[in-house]
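Here's the letter readout for the chains.
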Amino acid sequence: MPELIRLTIDGRSVEVEPGTLVIEAARRVGVKIPSFCYYEGLSLAGACRMCLVEVEKMPKLQTACTLVATPGMVVRTDTPQVAEARRAMVEFLLTNHPLDCPVCDKGGECELQDMAFRYGAAESRYLEAKHHVPEQQWSPVVFYDRPRCILCYRCVRVCDEGMGVGALGVVNRGGRSEIAPNRGDHLECDECGACIDICPVGALTSGMYRYQTRPWEMNHVGTICAFCADGCKTTLGVYHDRIMRGNNRDRSGLNGEFLCIKGRYAADFPHHPARLSRPLVRQDGELRPASWLEALSLVEARLREALAAGSPIGVIGSNHTTNEENYFLQKFARQWLKTNHLDHQRTGDVPALASALAGREGTLASTEDLYTARAVLVVGADLAQQHPLLSWQIRANWRHHRARIYVVTTGPVREDRYAARSVRVEPGGELEGLLALAEALRAEPDLVILFGDAIQGEDVARLVAFGDSLGIPVKYVCLVDYANSRGAADMGLLPDLGPGYQPLERPGMTLEEMLECPDLAVLWVVGANPLIGRQRPPSRFLLVQDLFLTETARLADVVLPAASAYEKDGTVTNVCGEVQRLRKVVAVAGVKTDLEIFSLLACRMGFQKDPVGWETVLREIADAVPGYRLSVPALLAGAPQRTHFASQASSSRRGKVRSARDTLFTSGTLGRFATILSQVREAPGALYRG
Amino acid sequence: MLHPEPHPAEVVLLTRRFRLPDSASIGTYLATEGYQAFRKALAMTPEEIIEEVKKSNLRGRGGAGFPTGLKWSFVPRNSPKPKYVVANADEGEPGTCKDRLLMQYDPHSLLEGMLIAARAVDARAGYIYIRGEYRYLIEILDRAIEEARRHGLLGRNILGSGMDFDIYTHSGAGSYECGEETALLESLEGKRGVPRLRPPFPATSGAFGCPTVLNNVETFCSVPPIILRGGLAFAGLGTPKNGGTRLFAISGHVNRPGVYELPMGFNLLRMIHEVAGGVRGGRKLKAVIPGGSSCPVLRAEECDLPMDFDSLARAGSMLGSGGVIVMDETTCMVKAAARILRFYARESCGFCTPCREGTQWLAQVLTRLERGHGQRGDVEVVRDVARNMLGRTFCPLGDAAAMPALSFIEKFRDEFEAHLEGRPCAAEEVALHA
């Protein structure tokens, strides 16, 4: 433990670690030093000059954002000279600022407004003509209004350092300086909007949100992003029951402020015109709208018939529904419908990892671990495309802690650029490729291994054996595709494993087998689209619950319109096995949550007396699912809860695992109904594959 | 501009080869003690070289006047990184044109100075960062470098000593800011020419993040005489703490404008009236900017002082880069101030707030005043804006713009008021009565 440094700020004594900046030291004792260009986690700029402070024995004012605390330093921020300097900087920033606050998207949440209010002068002395430049559109997502820009370079740095993309730069000089895409007039980037979110003023605005509403007209609800498995918290702004935007400015959640295009701008799918809002029932070969009563009665009748006849029933669960829904569905199937024909579209071999690590505590890496581990190994995955948060964490770890990154993939990935070593292999050669790294990895203090679907079945155990052979602490992440892919496996939506990967005595049919089985009386598909590009399965009755009339729903006998992740409460488990809380953001007319649908059916069929709420199911999960003994109150309060693999966890011996290989701009069925994802160009693919 | 004969008051040391035939060639250079200093340095330890430079009281000729020997001693010689020697040939300060003559007439002295620096810090590569407008000098330098290579004075195993060192020219693209040492390094590395955060200073983290000696051309050119004749001899030419001679570029309203090599501490009035032949047309001296356009202006009555770093600092100005700009009584000080500020507004790199916005603001207000469109309070705005920039910008460019603005309005306030009120200013009075 290095010796602490004691300094004085505005008469308050503070002790900080060596290397601490004065601006950070001041924050510790409640002294707020204003700044624009200083941004935690990014490189230092010293450009805006807002943070000038007086330091004893230094003749000039110093920028607190670049000044490292030294023993005995005496800093003052409350002097007339400092107040006057701040007033001067605000005055400078406002000289060419258009002051179009009444129509600016940032009005009401603008750092320049706040600074002018707190530190600025009441009057302007600037009589000259303001320099005007027309607004530019750089992509469907990003618009730039130079006159509003205060040139703090946060956008340039977050794109280069945070995202590892480096799409932005500065052109011209002096008062004509502008932020500009490095490709000239357009962006070829992740379209993540980090530059827009980090912009302290309204210079960068988004194509989705601009001129739609004022910040204070919205309600903001923090929930978990509905797309990939990384489980970013996104705070959705809602105006008149429409989701307007997403961001995570308060840095709560395991993603801090990170979000990709999906978390920020793709949350409009609940309002898509193609959204189902009434049940559909097949009559004379055509699907026609029906009432919930009619549709549920029909489903009830078919299930009762099948049960009475002892005919097999198949159930296909979802990568998107909540843990409560998944748990309840498997209970419905196994306990009440007496069937083990239960599966979901598996995108990563979690059961194999559960079995390989069964009972070994502390071997599952958390999202935080990716930022703190001394070394990270990526096997067979393009994280920047499929797991942007994990990619961000690893990049931040490399930048801030000089972590060493190792890559074994079949093609170039973004991690190559800062990897200690990258190994290229032929498809299927990943395990073999690892051997080349063994010696280097043995020298690391600890390691996190992330692996995609290239490693599955027996290979997962081999990978863990390789990890064990290194003689260092190793943690793992089994990469899966969607928001609750991990939860679907954990909750036992598998033909041969129950919740917590407990082996079943009589394994059921896999998804593939169910789709081919001619004897199924009922095939019940919840929030999945397995029939894309396929014929109707031979089952006698096909029930589908979904948001949209997917390829699968089109073939159904009954379609029940389901609520999306943004329309319900519950929990989901991310790729790292962290359980987080979903909060209901909007209500969409006509739909029901999957849990409501299951529960109503269960009541009608006499399996239970009253419908259950999600909290009741969550408590049951916490009690009954091995590895899920989590703190429900903490979870409800918003803290991610870590899970582990229980000692009796077993590997699934049946069925294949296949990632959908979505890119940053696709996300299975859901991605097709997010406006922005259909507008952006697939530039990243071109960038990172070449 | 080079006159056929040196002025009798000149102490010809750095300029001693200027008037020789074919002075830029290695033949002339070798015939006049060329590379003797380097040969001597090869026999010295790095510590001895730095000690000799320290003894000379040589201070950086770029403008800031930092002691050169001290600067070299900051380079960590035991660092495992490669070290670099960089010559700042971006001579961009208005009123300054001395490095240009050194490179034109005596390029080998620059190379030799860099070689000695390389020997002192164990560098293997050197760069001459030269302003783009000096294209014709790049050819001269490249020829000199090629000559030196052919004579085994650059390249591998120099003069059989085992020392490897080579020099490359690198052209700037027309930015004043790239004369600031860290912006120069950014530009040298192919990046946008904006200054870097300091510390770390170039001595520990300069070109490509490696320890770097970075000096002005004239500074490097001063090194061979120091090594050859000893630091004390060089120091003895100037005043205490201000060693050696200095190349002064005298421009403006004088009869014989030009570059003159004079000992440090030479009297400014003598410089104007004797060396530069007096004020043009026998007019009255009005003001002098003593060290390039960024230095606070001196009124005529303030000019009886020795030209060294410390005396000028005491007079509230700076020796700067040695560009002496002389203005006679016909000069409109509002126009002069506006012209200077338009330069800085154009050359501000735009990186930090007060310089980017302040230089534009000052240039606009002063230009309005110059053209008779002043408004009440404009002079106070100029004063406040300049004060708000002073000492608060990221690099010294903000000060370079604020100091002339402040000194012009402080020392010639009447003329600004006259422009504001529509009266003839002092310069116009002179014109009226001529």
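Refer to the structure printed above.
Being a predicted model, the structure only gives us computed values, none of them experimental.

A. How the structure looks around the overall build of chain B. Scanning chain B from terminus to terminus reveals 18 helices and 12 strands. For chain B, the spread of C-alpha atoms along the principal axes amounts to about 75 × 45 × 35 Å. Within the span of chain B, comprising 434 residues, buried residues form 59% of the whole. For chain B, restricting intrachain contacts to residue pairs at least 6 apart in sequence, the fraction spanning at least 24 positions comes to 71%.

B. Representation of the interface of chain B and chain A within the structure. Of the residues lining the interface, 24 residues belong to chain B; the matching set on chain A comes to 26 residues. Broken down by secondary-structure element, the contributors of at least two residues to the side of chain B that touches chain A are α13 (333-347), α14 (353-370) and α15 (378-389) of chain B. With nine residues, α14 of chain B is the single largest residue contributor to the side of chain B that touches chain A. In terms of residue class, the side of chain B that touches chain A is built from nine nonpolar, 10 polar and five charged.

C. The sheet that holds strand β6 (residues 245-252) of chain B, seen in detail. All names here are of chain B. Pairing within the open sheet is mixed, and its five strands lie in the order β7-β6-β12-β9-β10. Each of the sheet's edge strands pairs with one partner strand only, and the pair in question is β7 (258-263) and β10 (298-299). Relative to strand β12 (residues 323-328), β6 is paired through four bridges, and the arrangement is parallel. The residue of β12 that forms the bridge with Ser251 is Ile325.

D. Fine view of α13 of chain B. All names here are of chain B. The first and last C-alpha atoms of α13 sit 21 Å apart over 15 residues, in line with the 21 Å expected at 1.5 Å per residue. Among the 15 residues of α13, 11 are classified as buried, and the element is accordingly described as predominantly covered. Within α13, the full set of buried residues consists of Met333, Val334, Ala336, Ala337, Ala338, Ile340, Leu341, Phe343, Tyr344, Ala345 and Glu347. Where α13 is buried, its residues contact β9 (285-289), β12, α14, α16 (397-411) and α17 (413-421).

E. Here's a closer look at the environment of Leu635 of chain A. Structurally, Leu635 of chain A can be placed in helix α21 (residues 632-636). Once residues lying within four places of it in the same chain are set aside, the contact partners of Leu635 of chain A are Thr571, Val579, Arg581, Leu630 and Gln641 of chain A.

How each quantity is defined
Residues numbered from 1 in each chain as written. Chains lettered and ligands numbered in written order. Predicted model: local features only at pLDDT ≥ 70, side-chain atom pairs only at ≥ 80, totals over all residues. Helix = DSSP H or I, 4+ residues; strand = E, 2+ residues; numbered from the N terminus. Buried ≥ 20, exposed ≤ 12 C-beta atoms within 10 Å, placed from the backbone. Contact = placed C-beta atoms within 7 Å. Nonpolar A, V, L, I, M, F, W, Y, C, P; charged D, E, K, R; others polar. Pairing = 2+ DSSP bridges. Expected span 1.5 Å × (residues − 1).

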